[in-house]
Amino acid sequence: MARQDKGATPWLVLGLPVALGLAWITQGTGVIEDDPERNISIPDQLTLPLQVQAAYNEEQIYFRYRWPAEQAHVYHDMLRYTDGEWVRHGNSRPGPDPDGTYEDRVAMLVDDGGVPDFGRYGGYITVGDRMRFFSDSASPAEVSEHPHLGQQLGHSDVRKYLPATRTDQNDWRSVADADVLAAQREAGYFLDLWHWRAGRSNPIGASDDQWVGEYRNSDAGSGPYTTNWDGDNDQPLWMLDPEETGQRALRWEDVVSGEVDFDGLYYLSEENRTDFDPDHDWQEGDVIPRRLLRQPEGSRGSIAVHGQARWEDGYWDVTLVRDLDTGNPLDDKILTEQGIYDVGIAVYRNATGSRWHYVSHPYSLGLGRDADLQAVSFSGSSPDWSDDWFDMTLFYPGQVDWPLLISRAHAGAEDIAEGTPVRTRHSEKQLALYGVEMEFNDAITWRWWMTLLAGLVAMLGVTLALLPGFRSNREGDRS
């Protein structure tokens, strides 16, 4: 008669429940969720449509951008009078600002071939090691102590930079020597950055002009805004001029209403300000913008708003204009007839800033030559915009940086080494999903290892449970 091996039962009773429990834990839901402490906030929509047109005459070039937005966010960085103090609202944070006090923006990187990888990989090449607002971003103290970025330039974070400005792609600290950086800039190894802001530049018809080299730098001159804050007395420096505007401040309920009167008063500028009056009877909910708008000067003031940039019927419609030749070749890309250039565009909406934006693939721009986006030649002082739009799809890039993309951890690193453009291999949706995946790379990796462990425990339990069945149950003949 066959023997029953009672040792199998404990393994089945204990091993399989443990394996099933591990499998349930490691396959549970909730991996993809916002985590502000790790600078993670995933937008509801991972892609965004953008329409673009370009036109030029003998002296200037015009870019027109149109994108959907549920409402216009034009208030940025506001001071609200609360319990006798001026409290700041609208600084950078993960995801949308809860009060809506973060401006909409559009930014465009332009290259003339001086940065070859940009035409193939776009803005990805500007995202280096330990960028600000990444989960592993460099600490402000560490950056402030850096001899070039901190002590010389006065920065406390790591922003956009180009690969060749670092001697080690895996270390943001390895900034090239000053003479090398200067030679790179002279050779055209920098990106021109057009930067329109709905709150900090648009009300005065201006845009910001910057460039990307070893950092996201501003052109020479003064920008379209400055800070309205008296740190010694913890109060604003300026307020609205009551003789000019009929009021000293805005009201919080108007700021957060979601409605904007573009012909009304919603900003503080050199034309409508006066010195702050600390003795005024300030009321709960009074609001003064923390930014004072001013006309930009020098190279930094090269870009202007053409016409009126407005939000209407669910869309922003923004047109920027700049001289083809600004006379500042170390700050700007000089554009000419028959030239071919590369552009990459980013849009910020829904009261989000910093890296929580949408970006485009790189596209070619042609002035009188075939390209993805062809600038139309016209005579006169203003384009008629009768040609069709060029349609782009922008995507949320997530936490994907250049050191990762060129490493063995990226399956496409060999393609990058061979110079294969990103547009031939990945759609915008694919890149958005990949970006979200990298937001949760640590959690996904941990769950993968736990799932593997659960599988091994299950296999071991089943093996030990079935092992007695393979043993002989015959005692043999006795004589």
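Above this note sits the structure.
Position numbers for residues count from 1 along each chain, tracking the sequence in the order it is written. Since the coordinates come from a predicted model, pLDDT governs what is reported: local features require at least 70, and pairs of side-chain atoms require 80 or more to be given and counted, while whole-chain, interface and lining totals use all residues. The side-chain values count all of the structure's non-hydrogen atoms but skip hydrogen atoms and water molecules.

Caption draft 1: Expanded view of the overall build of the chain. Under the scheme used here, helices are H or I runs from DSSP no shorter than 4 residues and strands are E runs no shorter than 2 residues, and both carry numbers assigned from the N terminus. If you tally the helices and strands in the chain, you get ten helices and 22 strands. Burial classes follow relative accessibility: with a 1.4 Å probe on protein chains only, a residue under 20% of its type's maximum area counts as buried, one over 50% as exposed, and anything between as partly exposed. Relative to its full complement of 479 residues, the chain shows a buried share of 48%. We call two residues in contact when some of their heavy atoms are within 4.5 Å. At a minimum sequence separation of 6, the contacts of the chain that also span at least 24 residues come to 75%. Entry remark: accessible area of the chain is about 23800 Å², with carbon and sulfur atoms responsible for 47%. All accessible-area figures derive from a Shrake-Rupley calculation using a 1.4 Å probe, and residue coverage is judged against the displayed protein chains alone.

Caption draft 2: Geometry of unusual backbone geometry. You will see that Ala351, though not glycine, has its phi angle at about 60°, which is positive. As for its placement among the helices and strands, Ala351 is situated in the loop between strand S18 (340-348) and strand S19 (358-359). Taking the relative accessible area as the measure of exposure, Ala351 reaches 2% and is therefore buried. Positioned with a positive phi, Trp385 is a non-glycine residue whose angle comes to about 55°. Taking relative accessible area as the criterion, Trp385 reaches 18% and is therefore assigned buried.

Caption draft 3: Examining the nonpolar core more closely. Nine residue types can take part in a nonpolar core, namely buried Ala, Val, Leu, Ile, Met, Phe, Trp, Tyr and Cys, and a core is a set of them joined through side-chain atoms within 4.5 Å. In this structure, Tyr65, Trp67, Trp196, Trp316 and Leu365 are the most contacted members of the largest nonpolar core, which totals 59 residues. Judged by nonpolar contacts, the second largest core, of 25 residues, contains Phe118, Val212, Leu404 and Leu431.

Caption draft 4: Molecular detail of the sheet that holds strand S11 (residues 250-251). Strand pairing is assigned whenever DSSP detects at least two bridges linking the two strands. In space, the four strands of this open sheet follow the order S4-S3-S13-S11, with antiparallel pairing throughout. Single-partner strands in this sheet number two, and they are strand S4 (85-89) and S11. Examined bridge by bridge, strand S3 (residues 78-82) and strand S13 (residues 286-289) share three bridges and lie antiparallel to one another. Of the residues in S13, the one forming a bridge with Met78 is Pro289.

Caption draft 5: Region of the structure containing a negative patch on the surface. Like-charged residues within 9 Å of one another, or nonpolar side chains (Val, Leu, Ile, Met, Phe, Trp, Tyr) within 5 Å, are grouped into patches, provided each residue has over 30% relative accessible area and no salt bridge. One side-chain nitrogen of Lys or Arg within 4 Å of one carboxyl oxygen of Asp or Glu is enough to make a salt bridge. The sign given to each residue is positive for Lys and Arg and negative for Asp and Glu; His and the chain ends receive no count. By convention, the point assigned to a charge is CZ for Arg, NZ for Lys, CD for Glu and CG for Asp. There is a patch of like negative charges on the surface, built from Asp83, Glu85, Asp232, Asp234 and Glu284. Following the sequence through the fold, Asp83 ends up in the loop between S3 and S4.

Caption draft 6: The packing of aromatic side chains, seen in detail. Two rings from Phe, Tyr or Trp (for Trp, the six-membered ring) form a pair when their centres are within 6.5 Å of each other. A pair whose planes differ by under 30 degrees is stacked, one over 60 is edge-to-face, and the rest are tilted. Scanning the model with the defined rule gives 19 aromatic pairs in all. Measuring from centroid to centroid gives 5.6 Å for Tyr62 and Phe378, while their planes differ by 65°, and the two rings are edge-to-face. With Tyr62 in strand S2 (residues 60-68) and Phe378 in the loop between strand S21 (373-377) and strand S22 (390-395), this residue pair connects regions lying 316 residues apart in the sequence. Relative accessible area serves as the criterion here: at 2%, Tyr62 is assigned to the buried category. For Phe378, a relative accessible area of 14% puts it in the buried group. An angle of 55° between the planes, with centres 5.0 Å apart, marks the rings of Tyr81 and Trp86 as tilted.

Caption draft 7: Layout of the pairing of S4. Inspection of the sheet shows S3 paired to S4 by five bridges, in the antiparallel sense. Residue pairing for S4: Arg80 is matched across the bridge by Val87. Hairpin geometry of S3 and S4 is characterised by an intervening segment of two residues between the two adjacent antiparallel strands and by a positive phi of about 50° at Asp83.

Caption draft 8: Representation of the pairing of strand S7 (residues 208-212). When you tally the buried positions in S7, you get five out of five residues, the bulk of the element. Of the two faces of S7, the one holding Asp208, Gln210 and Val212 and the one holding Asp209 and Trp211 are both buried throughout. Sheet topology places strand S6 (residues 191-197) next to S7; five bridges connect them, and they run antiparallel. Its bridge partner lying in S7, Leu191 is registered against Val212. Summarising the sheet, S7 and strand S8 (residues 216-218) pair through three bridges and their orientation is antiparallel. Along S8, the bridge assignment pairs Gln210 with Ser218. In sequence, S7 turns back onto S8 through a hairpin of three residues.

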